[in-house]
Amino acid sequence: MLTIKIKQKADLIKSGKLKAKDNLIYYLKKIEEKNKDLNIFLSFNENCLKEAEDIDKKISMGEDVGKLAGICVAVKSNICVKGLETNCASLVLKDWIAPYDATVIEKLKKENAIILGMVNMDEFACGASGETSAFGPTKNPKNKELIPGGSSSGSAAAVSADFCDFSLGSDTGGSIRNPASHCGIFGLKPTYGSVSRYGLIDMCMSFDQIGPLTKNLEDNELIFNIIKGKDEKDCTTKDYEEKKLDTKKIKIGLVDVEKFAKKEIKELIEKKVKESVEKNSGWTIKKIELPLEISLETYYLIVYVEFFSATRKFEGRRFGKRIEEFCGEEVLRRILGGKEITKEEYEGKYYRNALRAKDFIKKQFEEIFKDVDVIVLPTVPRTAHRIGEKISVEDMYFYDVFTTLANISGIPAISVPLGKIGGKEVGMQILAPHFCENWIFEFGKRINLLK
Ligand code: GLN
């Protein structure tokens, strides 16, 4: 199979040189061979073969097809796809078939993409390793002993295992970027409000964003540009004009992560940034600090409260089963924690404090972006642990120390593969100001990324 970019593959399909059906069968064969072991797909779109044949037929009759004609996509199990089981990898929603398409799915279908099926994840997107799924952990295709990261574990693993052309995930505090980094692929969390959340089952609605996971940067840009934009069904979304970046004079903010990241990860990032500045004479580096000390407290307080509120609809009558009776340990921890801190006698003081910290973090970024165009830091502070290895709740939450700030402030952030340490994949994050995803792509294209 050709490892070509999505745009080129779609052009081949449109010209009839590659059949949509053959592209699909290539993936289905691989999935059949390896999915049992890797535990990536939870369910499949039974109509996919017919959909591929219909696309080929349209093309042979000279009819117009979309930008993603015959391109195969895997979808995280918390994004509604009409007729497919959107179970959030939970027994609570097991057998729940979505009655409608999320806006992002509508957009992909309009461009004639083919949905292969629904993939594994941490239960209700709560987790950083993929191990909280009620249907067992997904294995990391790059090293099957290791976690693939989470919560979009199946989405990242599906791309890394070459089970699809790209996938969709959701990111509340790092869930696209963290598994992208462990699986050696590209994962973007867009600006809050640039991609519709309609049809995404909420984890923490003021942070959640849907985004693409891809094999290269160009694919990521292509998919992002297809799924973004104002949606009447999500009032936080808007259309916007892209701001231009002077690519000859990019100012890079390099974050001081001394206290938080493994030394080798820090060094790998510094080397990459130095190299890029040596190659681009007009570029500059500025060392910066981020409020990393308060990232996790702020994030988890808000998540516990909003997740508790979001799960009140799973009371066992309207959807699936009563959540407290059927969920796993991590989901229950957040429900009980959220219930506690929202008790009437506290008068909302914890949530209010966290919102104050959120404002502070936002302002910090505004200040920093007066001096730099993009910010660079590791995606996660350590390399992946082994599946099943006992790590504490604190250590599991610590995976999110570098990713949560982008969600708290609403800015876009991507994880790109950097290389390996001790045989394990390592990712680097690139952050940009609100609605400046194009800066991330422009910068990324000029720093020679691994593919
Ligand atoms: N690991 C983080 C958490 O458990 C992020 C999850 C996410 O982004 N959905 O909350």
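Keep in mind it's a predicted model, so treat the numbers as computed, not measured. (Residues numbered from 1 in each chain as written. Predicted model: local features only at pLDDT ≥ 70, side-chain atom pairs only at ≥ 80, totals over all residues. Heavy atoms only, no water.)

Structural notes on the state of the cysteines
Using the following cut-off: Disulfides are defined as pairs of cysteine sulfur atoms found within 2.5 Å of each other. Throughout this description, buried means an accessible area under 20% of the type-specific maximum (1.4 Å probe, protein chains only), exposed means over 50%, and partly exposed covers the range between.
Tallied over the entire structure, the rule returns zero disulfides. This cysteine, C327, is not joined by any disulfide, and C126 carries the nearest cysteine sulfur, 9.1 Å off. Classification of C327 by relative accessible area gives buried; the value is 14%.

Overview of helix α8 (residues 263-279)
Here is the rule: Helix and strand definitions here come from DSSP, where helices need a minimum of 4 consecutive H or I residues and strands a minimum of 2 consecutive E residues; each element is numbered from the N-terminal end. Any helix carries an expected span of 1.5 Å times its number of residues minus one. A contact between two residues is defined here by any heavy atoms of the two lying within 4.5 Å.
Relative to the 24 Å expected for 17 residues at 1.5 Å per residue, α8 spans 25 Å between its end C-alpha atoms, a close match to the ideal helical length. Elements that come into contact with the buried residues of α8 comprise β7 (251-255), β8 (284-288), β9 (374-378), β10 (413-421) and β11 (424-431).

Re the side chain of S43
Note that S43 resides in strand β1 (residues 41-44). Its relative accessible area of 17% is what places S43 among the buried residues. Not counting chain neighbours up to four residues away, the residues in contact with S43 comprise E85, G117 and M118.

Quick word on the packing of aromatic side chains
Just so we agree on the cut-off: Side-chain rings of Phe, Tyr and Trp, where Trp is taken by its six-membered ring, are said to pair if the distance between their centres is within 6.5 Å; with planes under 30 degrees apart they count as stacked, over 60 as edge-to-face, and otherwise as tilted. By definition, being over a ring means that NZ of Lys or CZ of Arg is both within 6 Å of the ring centre and within 35 degrees of the ring normal.
One pass over the structure, following the stated rule, counts 19 aromatic pairs. Ring centres of Y240 and F435 lie 4.5 Å apart, and the angle between their planes is 55 degrees; on these two criteria the pair is classed as tilted. Placement of the pair is Y240 in the loop between α7 (217-227) and β7 and F435 in the loop between β11 and α15 (437-445), with a sequence separation of 195 residues. Relative to Y304, the ring of Y300 lies with its centre 6.3 Å away and its plane at 85 degrees, an arrangement referred to as edge-to-face. Here Y300 pairs with Y304, and both are found in helix α9 (residues 295-310), just four residues apart, close to one helical turn. One aromatic cluster is present, built from ring pairs that chain together W96, F124, F307, F314 and F319. The aromatic ring of F435 is capped on one face by K238, whose charged end is 4.4 Å from the ring centroid.

Side note on the pattern of salt bridges
Heads up, the rule is: Here, a salt bridge means any side-chain nitrogen of Lys or Arg that lies within 4 Å of a carboxyl oxygen of Asp or Glu.
A complete count under the given rule lists 35 salt bridges for this structure. K263 is the salt-bridge partner of E267, the closest N and O atoms lying 3.8 Å from each other. Of the two residues, E267 and K263 both sit in helix α8, four residues apart, roughly one turn of that helix. By relative accessible area, E267 is classed as partly exposed at 39%. Sharing partners across several salt bridges, the network here consists of R312, R322, E324 and E325.

Some remarks on the site of the ligand
The line we're drawing: In these notes, residues near a molecule or strand are those with any non-hydrogen atom within 4 Å of it. Each polar contact in these results corresponds to two N or O atoms within 3.5 Å; when the atoms are within protein, one needs to be able to donate a hydrogen and the other to accept it, and residues that are neighboring in sequence are counted only if both atoms are side-chain atoms. Areas reported as accessible are Shrake-Rupley estimates using a 1.4 Å probe. Residue values count occlusion only from the protein chains shown. Only Asp, Glu, Lys and Arg are considered charged in this grouping, and only Ala, Val, Leu, Ile, Met, Phe, Trp, Tyr, Cys and Pro are considered nonpolar; every other residue, Gly among them, is considered polar.
Taken together, the neighbourhood of the ligand is formed by 15 residues, with T172, G173, S175, Y299 and R334 sitting nearest. A distance of 3.4 Å separates a nitrogen atom of the ligand from a polar atom in the side chain of S151. The side chain of Y299 places a nitrogen or oxygen atom 2.7 Å from an oxygen atom of the ligand. Contact with the protein chains covers 100% of the free accessible surface of the ligand, which is 290 Å². Of the residues belonging to the shell around the ligand, the class tally is six nonpolar, six polar and three charged.

A word on the packing of helix α2 (residues 20-38) against helix α3 (residues 48-60)
Rules: For helices, the fitted line uses only the C-alpha atoms of the stretch in contact; every axis is such a line through C-alpha atoms, and the angle between N-to-C directions lies from 0 to 180 degrees. Orientation labels follow simple angle bins: below 35 degrees gives roughly parallel, above 145 gives roughly antiparallel, 65 to 115 gives roughly perpendicular, and whatever is left gives oblique.
α3 packs onto α2 with a crossing angle of 155 degrees between their chain directions and a minimal axis gap of 8 Å. With respect to their mutual orientation, α2 and α3 come out roughly antiparallel. Contacts between α2 and α3 involve A20, K21, L24, I25 and L28 from the former and C48, L49, A52, E53, I55 and D56 from the latter. For the contact of α2 with α3, the class distribution of residues is eight nonpolar, no polar and three charged.

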